[in-house]
Amino acid sequence: MERNDILPVLYDLVVTIGSEISVKPLLTRTLQRLLYHTSFSAGFICLDIAPCNQPGEQVEVRLDAVVGDFDLIGEIGKYVALPSALICKPAGNESEQTELLSTLRCTQARYGAYLRLPIDHRSVIVLLAAEKPATSLPLATMLQPVLAHLAKAIVLCRNNDAYTSDLVSERDLLEQVFESSYSGVLITDSRRHIIEVNPAFTRITGYRAEEVQGKDPRILASGRHDHDYYQKMWYDIEHNGHWEGEIWNRRSNGEVYPSWLNINPVHDKDGKLLYYVGLFSDISKRKEAEAQIHQLAFYDPLTNLPNRRLLIERLQQAFSLEARTGQHGAVLFLDLDNFKTLNDTKGHDVGDRLLVEVAQRLNTCVRDGDTVARLGGDEFVVILGSLSQISDEAAAQADTVAEKIRDLLSQPYRLDQYVHYSTPSIGIVLFRGHQQSLDDVLKYADTAMYQAKTAGRNTIRFYDPVMQAAIEARAELAEELRHALERQQLCLHYQIQMDNRLHPLGAEVLLRWQHPQRGLISPGQFIPLAEETGHIVPIGLWVLQTACTQLKAWQGDALTRDLTLAVNVSAKQFRSPNFVAQVRHALLESGAKPELLKLELTESIVLENVEDAIAKMRELKLLGVSFSMDDFGTGYSSLQYLKQLPLDQIKIDQSFVRDIVNDANDAAIVQTIIAMSEVLGLDVIAEGVENEAQREFLDLRGCHAFQGYLFGRPVPLQEFEARLRG
Ligand SMILES: Nc1nc2c(ncn2[C@@H]2O[C@@H]3COP(=O)(O)O[C@H]4[C@@H](O)[C@H](n5cnc6c(=O)[nH]c(N)nc65)O[C@@H]4COP(=O)(O)O[C@H]3[C@H]2O)c(=O)[nH]1
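In short, a report on the structure. Because the structure is predicted, anything quoted here is derived from the model rather than measured. Think of each chain on its own: its residues are numbered from 1, step by step along the sequence as written. Note on the predicted model: pLDDT of at least 70 is required for a residue's local features to be given, and 80 or more for side-chain atom pairs to be given and counted; whole-chain, interface and lining totals, by contrast, use all residues. As a rule here, side-chain values cover all heavy atoms of the structure and leave hydrogens and water aside.

Digging into the environment of glutamine 514
Helix and strand assignments follow DSSP, with helices taken as H or I runs no shorter than four residues and strands as E runs no shorter than two, numbered in order from the N terminus. Mapped onto the elements of the fold, glutamine 514 is located in strand E20 (residues 504–515). In the structure, glutamine 514 is positioned 30 residues away from alanine 484 in sequence and 8.7 Å away in space, judged by C-alpha atoms. The contacts of glutamine 514, once residues within four sequence positions are left out, are Gln489, Gly519 and Leu520. Residue contacts are defined here by distance: any two heavy atoms, one from each residue, within 4.5 Å place the two residues in contact.

This is the structure we're talking about:
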């Protein structure tokens, strides 16, 4: 190559270098051009060479580009061991080159000459040939400017490569997000023609990309939203740069579904609108779940009627409405007469069917804006709204609806093979605005219903404040009773029991409540209340413990040591699973003799669960405790169970004793009870003996034990003991 030839070569190389933007093609094309112009047959480029100082050593270099030698091409990107003289040192004379290259294993000693062109301090181009091509000039020197240019180009291309690789990974990431997103993505051009959708769009809408591309997104519209809705949506997008909201669309199969949609416009850096991007998710499942939760939270699952919670909400609304209009509203509280019997005899399934049918009938009796709710069990509430402003008229309107309900609910029900007859008891209370509290209105309606029930069922009653006052007083008493024990307001009175020779046999302990304001309250008033609230259990236990302590205290005195104490046991107390343990514990703790403790049970307690009663009685009898059957004759009085029970005594109820002398019926009953006790080997005692005639009658018929005012009223302990001594 002559000096004059080199300029076009340099120009060609510079153009080649300048036209590449990526390292790999830059190196390859530069090598190709060099081989072409210099007549070398092969060449390679190594960048980033570590400094090599020892002349004889091998250096590890990476082949970044190779041209012309297929063996070496196979090594591109890999590290190969090459003589350091070839890579780092200026080329020697021809014989030295041949010798050096003969040791090159990787090129199979194919080359005898090379040209080494350093690009910068760390890179080199090595051109190889079987023998050195004829050139009159030192090529290394001539090519120097272009190599400096190449060094700069490598740096630029490397930066460019790094940038491109970042862009590619960014694009890959976006593409992956787009493809795998769970949300549907829809991209339109600025004229709102769909240009791209993702697979989630297809999954949700049922439309494939090619079916919607070029079309207006309006093809998805369900028709559920009016023109204004869309206008507002586009207004927000154009003016606020964003819209987000619930939208009902239609799938390709025609199904309408709710979705949550975000729309954003995309602009270029000059603010020119390029695209609209819509991102949406199918919220039909969420909506279904919400509806289900709402249904569960606000509706009764059996009848689908509003439940108590929704009833309260509706009542609140009705209060507000009537407050504005000045009209009356009414609450009807309904309960089905004898529903429990149907449930107990025919089973809950049949009971449920009746409730469903009642719910349906109730709904046909009221207007659209009215509410029919089920509170639970067989209790229903109806709210009637917009009744007259005049209370008499409003009452008449409510009464008309109640009559209609009563009439319809009294029609026969066909439940499976049964024809069932049911009637309701209905309580009504009127309301207007917020004059009464919501709780009060419901409470008053309940009271009125209760009144309807006690008035003989199948009845309608308006709320009566006098009755409400009685109920409230009762509730107050219950609350006070809760604290009576801890406040030490309870005490025991003792009523003597005697034999026919007027020897004291013992006493019945009778509970009294010394109320700080109301004075002495008799058990007839508070025992049923304590039964209802469950307070009878701790109270009963206290009576038992006090009686046992008293028995123990009497042990030291000859006058009292053989006296028995009869203790009344309530149903709830007896039913409690640890009743036996409680009695045993009371006896042990006090040290009382079990033979002196007599437990009084009533027929109803025992009849509730005869087997359980027998088991408990047997256990207690093993301890030595005895049993008396209280109020005998007033209930079922079955000889059958009487035989099975481990009783010791039968107590003739005072209702028979009262007229025993004058009423032949009572006399006959008492005689039968005495005879029956004899047959069964049981003691018999009569209670309520008030006069000598009664006592004599009983004594003559074989009843020799008595309790009653004739012998002594129930009195406090000191009085009782004084009387024994006197
Ligand atoms: N007219 C009349 N009445 C007489 C005569 N002799 C006694 N009495 C009353 O008849 C009731 C007899 O008690 P009971 O049948 O067990 O009926 C008791 C019993 O069922 C219940 N009771 C009382 N104390 C307790 C208790 O500690 N626990 C439980 N569970 N119930 C109790 O309260 C009921 C009523 O008790 P009290 O008011 O003390 O009423 C007592 C007593 O005062 C008489 O000659 N004429």
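Here's the deal with the layout of surface pockets
Think of a 1 Å grid over just the protein atoms. A cavity is a set of points where a 1.4 Å probe fits yet cannot get out, a pocket is an open set with protein on both sides within 12 Å along at least five of seven lines, and lining residues have an atom within 4 Å of a point. Grid points are joined across faces, edges and corners, and a volume is the space filled by probe spheres set on the points. If you add up the space inside the largest pocket, you get close to 830 Å³. Together, 35 residues line the largest pocket, and Glu508, Leu510, Pro523, Asn568 and Asp630 are the ones closest to its centre. Sorting the residues of the lining of the largest pocket by element identifies E20, helix H18 (523–533), helix H19 (536–554), helix H20 (571–575), strand E23 (597–602), strand E24 (626–632) and helix H25 (654–658) as the ones contributing at least two each. Any residue outside Ala, Val, Leu, Ile, Met, Phe, Trp, Tyr, Cys, Pro, Asp, Glu, Lys and Arg is labelled polar, Gly included; the first ten of those are nonpolar and the last four are charged. Broken down by class, the residue content of the lining of the largest pocket amounts to 15 nonpolar, 11 polar and nine charged. Considered as a void within the structure, the second largest pocket measures approximately 460 Å³ in volume. If you trace the second largest pocket, you find 21 residues lining it, with Pro217, Arg218, Tyr230, Met233 and Trp234 closest to the centre. Put simply, the parts of the chain that give the lining of the second largest pocket at least two residues each are strand E7 (184–189), helix H10 (227–240), strand E9 (243–250), strand E10 (256–267) and strand E11 (273–282). Class assignment of the residues belonging to the lining of the second largest pocket gives a composition of 14 nonpolar, four polar and three charged.

Observations regarding the nonpolar core
Grouping buried Ala, Val, Leu, Ile, Met, Phe, Trp, Tyr and Cys residues that are joined through side-chain atoms within 4.5 Å yields what is termed a nonpolar core. Burial here depends on accessible area, computed with a 1.4 Å probe over protein chains only, as a share of the maximum for the residue type. Under 20% is buried, over 50% is exposed, and the range in between is partly exposed. By size, the foremost hydrophobic cluster in this structure holds 78 residues, and its most contacted members are Val583, Leu597, Leu599, Ile652, Leu698 and Phe720. Ranked by the residues each element gives to this core, the list is headed by H19, at eight residues. Dropping the residues within four chain positions of it, isoleucine 652 is found in contact with Phe632, Val657, Val670, Ile673, Ile674, Val684, Ile685, Ala686, Glu687, Leu698 and Cys703. One finds Val350, Leu354, Leu362 and Ala394 within the second-largest nonpolar core, a separate group that totals 33 residues.

Quick notes on the pairing of E11
Looking at chain direction, E7 and E11 are connected through six bridges and run antiparallel. Across the sheet, residue aspartate 189 finds its bridge partner in E11, namely tyrosine 275. As paired elements, E10 and E11 share nine bridges and run antiparallel to each other. Along E11, the bridge assignment pairs leucine 261 with phenylalanine 280. Strands were regarded as paired on the criterion that DSSP finds at least two bridges between them. The antiparallel hairpin formed by E10 and E11 contains five residues in its connecting segment, where glycine 271 sits at a positive phi of about 90 degrees.

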